[in-house]
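Summary of structural features
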Amino acid sequence: MKLRINGGQQEVEGADPDTPLLWVLRDHLGMLGAKYGCGIGQCGACTVLIDGEPTPSCLIRAADVGDAHIETIEGLAGDDGLHPVQQAWIDEQVPQCGYCQSGQILTAVALLRNNPQPSRDEIDRKMSAVLCRCGSYPRILKAIAKLSEE
Amino acid sequence: MNRAQAFHPDRRRFLKATAAVAGGALLIGINWSRGVEAAEQEADGSEDFQPNAWVALHADGRVEITVAESEMGQGPYTLMPMLVAEELEVPWSSISVLRAGVDPVYGFQLTGGSTSIKKGWVLLREAGAIARQLLLMAAARQWGIAPERCRARDGQVFDDSGRSIAYTRLVGLAASLPMPDKAWLKPPEDFHVIGQPLPRTDVPQKVTGQAVYGIDVRRPGQLFATVVHPPVFGGRLRAFDDTGARESPAVVDVFAIDQGVAVVARDTWSAFKAAQRLSIDWDPGERSGFRSQDWEDRLRGYDARPPSREHVRGTPEAVTGDRIEAEYLQPFQAHMTLEPMNCCVHFDDGKLRIWAPTQSPSLAYGSAKRLTQNRIERGWHKLLNKVFGGYDDSIEVNTTLLGGGFGRRLEQDYVEEAIQIAARFEVPVQLVWTREQDVRNDFYHPMTYHRMAAELDAQGMPRLWLHDIAGGGVSSWGARHDYAIPHQRIRSYDFEPPIPKGPWRSVAPHFNVFAVEHFIDELARQAGHDPLDYRLQLLPDGRLKRCLLRLAERVKADGLNKNERIGYAAASTFDSHVAEAVVLRDLGTGRYRVDRVYCVIDCGIVINPDIVRQQMESSIVYGLTAATLTEITVENGQVQQSNFHDVPALRLHQLPEIFVDIVDSTQKPGGLGEPGVPPLAPALANAWLASTGKPLRRLPLRLS
Ligand code: FES
Ligand code: FES
């Protein structure tokens, strides 16, 4: 099986064809940024972007991704440094334990790509897909507000 | 330096050494586990000194600090080094943090229990001050002047003529000097690190996906495991059929361990999938009839037995008038750390290596030692010999970052399971629980029943206060309030926990402060008083009252809309003082929304205001989740909930606006991670009472 991840091609061998993308990334490709939190699409810790759409990678079989393009937290920073969303996350000191943050950041990236000035309603709808047990939400809102002013 | 505070370095707490690394380094070893209280209690200083935290100043100017506390979001990897940087007078950018116990060069052996900012406040500042004193002495010697003429700042020593020399050129000499007899802590007015909102050291790795949690540990040749536990508390394994589970070529082994059935595979998913295909015959055991509803009924009849503890003030039995009564119930709660329980273990040629996201490496170490000595020695004679030969360093505990803790990871059950599983292999094995196993095998916040009674005087102020607390594993911690009520009796009825019970963020104050603070509002209402004035009248002057006054001012400045009601609550816990107010908005048609939460905290001297603020935001969200969304119920010995769909967590769209004010203080630092939790639920209940006229007898309060 071949996967298109962060602009490159990755070959996956020996994975059970039922394996969700999350576990292919983590256990077969050693990409550990996407996290396991629930396995049922409830927590968003495993979120990756598939053709730009935030998707819980625990719910989709890797075999079903086909040649859609997968973006993970590992591919977000470029040669010229951090992605603006990552930088805003540092500036606003968003993470606490940090476990949910790959999912939060990728979801915010998709939100802002779609609409650089999202309404509060839109932010609520999109960002509520990823839960944070540490309560980093007030800072997520601040970081997004700051990004949409730029 | 005349305002500085002199101290004599305690040789039972500090050790100076020279590290055998290139160029030499100045090392101050700290016996963190001994801690402040223990060191003061033990008169005998002859025991072996076992440093388990270090401040290392390298010849190139880098400062490394090992932190003996787990980072689960509450900021020790930032707060602890700030204390050192302040006293050592080094640029913040030169400091890096290591987790204690990771570096084998130091031969760490973790023996410490839970640590706190209070301990660090003394030990780390003293360690920094000792290192600074050594550098001053080294500079003085170099210049041939008295050390009193030298001053340190920004990685350099200056003398009174304006000469300067960099630390990097003094490290070798300083490391060769004996431990100074005397050193000085800076006076607070000279602080330029403490009190600053410095960015957290752990944040950059947490935005790039590079941070390593327990679940991210990867060792060469590693296998992946999961465990199926009995579905019923106290259940036991009778037999299992693993034919279906073994069909997958990725499954390596399936076997019974004390706690259930373990599946080991080549990847996590294969282990999860195989676990689902096991057919297991469980002996349900004696608690298979247990229902949380029955337990609730049993708690209501708590006083059929004598209390476990009683606190009396005045002569409550002599007060016999009309009483106002109330009863409250708090449900079982799970911790729901976002990272489920996991642990990686490698029996590595006579060494037992553990990687765990644990709140207490010392407990993990203890578990490992006990297990390897008593239970699994047979396959591991090499290790056995080592253990009986007294080589305790055959056990190595590496603490990773924690994806949340909240008290759950003080228990070491998952570490013990991982040890049992890995004992069968020569390669590392990582145990990961499914979320379902995590929800159903927690150490829960206890269900608590509170019976309150009070009698009011002619002015409507309480003169009698009775509070009985009943539950499995409860105490009256947090029930003993500061209100000036002449006659009081607080009794706790501590039952054997019917299901596993553990510390849950803010522990007993979470349930006791709820009862106290909601009942105060009920009394105020009965007496026809404004609940805020009522509280202020009852509270003695002091830090908590000042928080409440400041909160009231803040709320007044913002005002309330017509469809909004407010509730207040305040409590002093974990050496901090917190007042909170919840604004509940009536959305019509019986629906309400928590619109705003105000918080004022006095946590003593503020080390990092941004982390204080963050911990308050965190506590409010955590408290609000429990108060409005979740409970754990048990039927036939089985937890009814299993994942985030039925134990939800507050999501971003449900977030109220949160306003945090921090009181300036020069008092000793208090706790941060927990004191913000207890006032939240009663403030919400009081807002509910104000909105609807109805008290909240039972949590959670489902708002829509
Ligand atoms: S792990 Fe995929 S949504 Fe929770
Ligand atoms: S930062 Fe801990 S779960 Fe979000």
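Definitions and limits used
- Residues numbered from 1 in each chain as written.
- Chains lettered and ligands numbered in written order.
- Predicted model: local features only at pLDDT ≥ 70, side-chain atom pairs only at ≥ 80, totals over all residues.
- Heavy atoms only, no water.
- Domains from an automatic or database assignment.
- Contact = heavy atoms within 4.5 Å.
- Salt bridge = Lys/Arg side-chain N within 4 Å of Asp/Glu carboxyl O.
- Helix = DSSP H or I, 4+ residues; strand = E, 2+ residues; numbered from the N terminus.
- Nonpolar A, V, L, I, M, F, W, Y, C, P; charged D, E, K, R; others polar.
- Pairing = 2+ DSSP bridges.
- Axes fitted to C-alpha atoms, helices over the stretch in contact; angles between N-to-C directions.
- Polar contact = N/O pair within 3.5 Å; in protein donor to acceptor, adjacent residues only side chain to side chain.
- Expected span 1.5 Å × (residues − 1).
- Buried < 20%, exposed > 50% of the residue type's maximum accessible area, 1.4 Å probe, protein only.
- Buried area = accessible area lost by both parts, 1.4 Å probe.
- Phe/Tyr/Trp six-rings, centres within 6.5 Å; stacked < 30°, edge-to-face > 60°.
- Lys NZ or Arg CZ within 6 Å of the ring centre and 35° of its normal.
- Parallel < 35°, antiparallel > 145°, perpendicular 65-115°, else oblique.
- Left-handed = near helix turned anticlockwise from the far one by under 90°.
- pLDDT = per-residue confidence, 0-100.

**Re the domain arrangement of chain B**
All names here are of chain B. Each domain of chain B was delimited in the assignment, giving domain 1 (5-194), domain 2 (218-285 + 336-440) and domain 3 (301-332 + 444-692). One C-alpha centre belongs to domain 1, the other to domain 3; they are set 40 Å apart. At the interface, 14 residues of domain 1 touch eleven residues of domain 3. Linking domain 1 with domain 3 are zero salt bridges. Among the elements that take part in the side of domain 1 that touches domain 3, helix H2 (residues 76-88) stands out by supplying four residues, more than any other. Residues of the side of domain 1 that touches domain 3, tallied by class, amount to nine nonpolar, four polar and one charged.

**Things to note about the sheet that holds strand E25 (residues 564-573) of chain B**
All names here are of chain B. With mixed pairing, four strands are arranged side by side in an open sheet as E25-E26-E27-E30. In this open sheet, the two strands that pair with only one neighbour each are E25 and strand E30 (657-662). With direction set aside, neighbouring strand axes in the sheet form an average angle of 15 degrees. Pairing of strand E26 (residues 576-588) with strand E27 (residues 591-602), which is carried by eleven bridges, proceeds in the antiparallel orientation. Looking at E27, one finds that Leu584 is bridged to Val594. Relative to E27, helix H14 (residues 543-558) is tilted by about 135 degrees, and along the sheet it contacts E25, E26, E27 and E30. Sitting on the sheet, helix H16 (residues 680-692) is in contact with E25, E26 and E27, with an inclination near 150 degrees to E25.

**What to know about the environment of B:Arg200**
Locating B:Arg200 in the fold gives a position in the loop between strand E10 (183-185) and helix H5 (203-207). Measuring from C-alpha to C-alpha, the distance between B:Arg200 and B:Phe644 comes to 29 Å, with 444 residues separating the pair along the chain. Ignoring anything within four residues of it in the chain, the contact list for B:Arg200 reads A:Gln93, A:Pro95, A:Gln96, B:Glu71, B:Gly73, B:Gln74, B:Gly75, B:Thr78, B:Lys206, B:Ile611 and B:Gln614. Looking at B:Arg200, its side chain comes within polar contact range of the main-chain oxygen of B:Gly73, at 2.8 Å.

**Overview of helix H5 (residues 137-149) of chain A**
With 13 residues, H5(A) ought to run about 18 Å at 1.5 Å a step, and its terminal C-alpha atoms sit 18 Å apart, in line with that. Residues of H5(A) that are buried include every one of A:Tyr137, A:Pro138, A:Arg139, A:Ile140, A:Leu141, A:Ala143, A:Ile144, A:Leu147 and A:Ser148, and no others. Against helix H2 (84-91), helix H3 (101-114) and helix H4 (120-127) of chain A together with helix H15 (609-628) and E30 of chain B lie the buried residues of H5(A).

**Observations concerning the interface of chain A and chain B**
Contacts between the two partners involve 51 residues from chain A and, on the opposite side, 57 residues from chain B. Interface area for chain A against chain B, summed over the two sides, is near 4500 Å², with a carbon-plus-sulfur share of 58%. Here chain A is connected to chain B by seven salt bridges. A:Arg139 is the salt-bridge partner of B:Asp610, the closest N and O atoms lying 3.2 Å from each other.

**Details of the sheet that holds strand E7 (residues 150-153) of chain B**
What links the strands of a sheet is backbone hydrogen bonding, and the strands pair in either a parallel or an antiparallel sense. Residues and elements named next belong to chain B. Taken in spatial order, the three strands of this open sheet run E7-E8-E9, and their pairing is antiparallel. Of all the strands in the sheet, the pair left with one neighbour each is E7 and strand E9 (164-166). Strand-to-strand, the axes of this sheet are offset by a mean angle of 25 degrees, without reference to chain direction. The sheet contact formed by E7 and strand E8 (residues 156-159) spans four bridges and is antiparallel. Opposite Arg153, over in E8, you have Gln156 as the bridge partner.

**Concerning the side chain of B:Ser506**
Positionally, B:Ser506 belongs in the loop between strand E24 (487-495) and helix H12 (507-527). The residues contacting B:Ser506, other than those within four sequence positions of it, are B:Phe574, B:Glu674, B:Val677 and B:Pro678.

**Brief notes about unusual backbone geometry**
Residues and elements named next belong to chain B. A cis amide bond links Leu699 to the next residue, Pro700, at an omega of -5 degrees. Of note, Pro700 is situated in the segment after H16. Even without being glycine, Asp154 reaches a positive phi, approximately 55 degrees. Take Asp154: it is sitting in the loop between E7 and E8. Residue classification places Asp154 among the partly exposed residues on the basis of a relative accessible area of 46%. Backbone geometry at Thr589 places phi at a positive 45 degrees, although glycine is not the residue there. As for its position among the elements, Thr589 is in the loop between E26 and E27. Judged by its relative accessible area of 76%, Thr589 falls in the exposed class.

**Comments concerning the packing of aromatic side chains**
By convention here, two paired aromatic rings are described through the distance between centres and the angle between planes. Using the criterion set out here, one finds 18 aromatic pairs over all chains in the structure. Aromatic side chains B:Trp295 and B:Phe495 sit 5.8 Å apart centroid to centroid with 80 degrees between the ring planes, which places their arrangement in the edge-to-face category. Residue B:Trp295 is found in helix H7 (residues 292-300), and its partner B:Phe495 is found in strand E24; the two are separated by 200 residues along the sequence. Accessibility assignment for this pair places B:Trp295 and B:Phe495 in one class, buried. Within the aromatic cluster, the residues linked to one another by ring pairs are A:Trp23, A:Tyr36 and B:Phe272. The ring of B:Phe495 is capped by B:Arg305, whose NZ or CZ atom sits 4.5 Å from the centre of that ring. Above the face of the B:Tyr622 ring, B:Arg505 is positioned so that its terminal group lies 5.2 Å from the ring centre.

**Things to note about the packing of H15(B) against H16(B)**
Residues and elements named next belong to chain B. Contact geometry of H15 with H16 gives a least axis separation of 8 Å together with a crossing angle of 55 degrees. In terms of orientation, H15 and H16 fall into the oblique class. Taken as a pair, H15 and H16 cross one another with a handedness that is right-handed. Residue-level inspection shows Ile620, Gly623, Leu624, Ala627 and Thr628 of H15 in contact with H16, the latter providing Leu680, Ala681 and Leu684. Residue classes in the contact of H15 with H16 are distributed as six nonpolar, two polar and no charged.

**Points about the environment of A:Asp51**
Mapping A:Asp51 onto the fold places it in the loop between strand E3 (47-50) and strand E4 (53-56). When the C-alpha positions of A:Asp51 and A:Lys126 are compared, they lie 16 Å apart, and in sequence the two are 75 residues distant.

**What about the confidence of the model for chain B?**
All names here are of chain B. With 90% of its residues at a pLDDT of 70 or more, chain B shows a mean pLDDT of 90. Low pLDDT, under 50, characterises residues 34-48; the predicted model gives this stretch 18 contacts beyond four residues in sequence or across chains. A low-confidence stretch, residues 375-379 stays under pLDDT 50, and its non-local contacts, those more than four residues away or across chains, total nine contacts. Interface confidence in the predicted complex, given as ipTM, is 0.98; pTM for the same model is 0.94.

**Structural notes on H4(A)**
The set of residues buried in H4(A) consists of A:Glu122, A:Ile123, A:Asp124 and A:Met127. Residues of H4(A) that are buried sit in contact with H3 and H5 of chain A.

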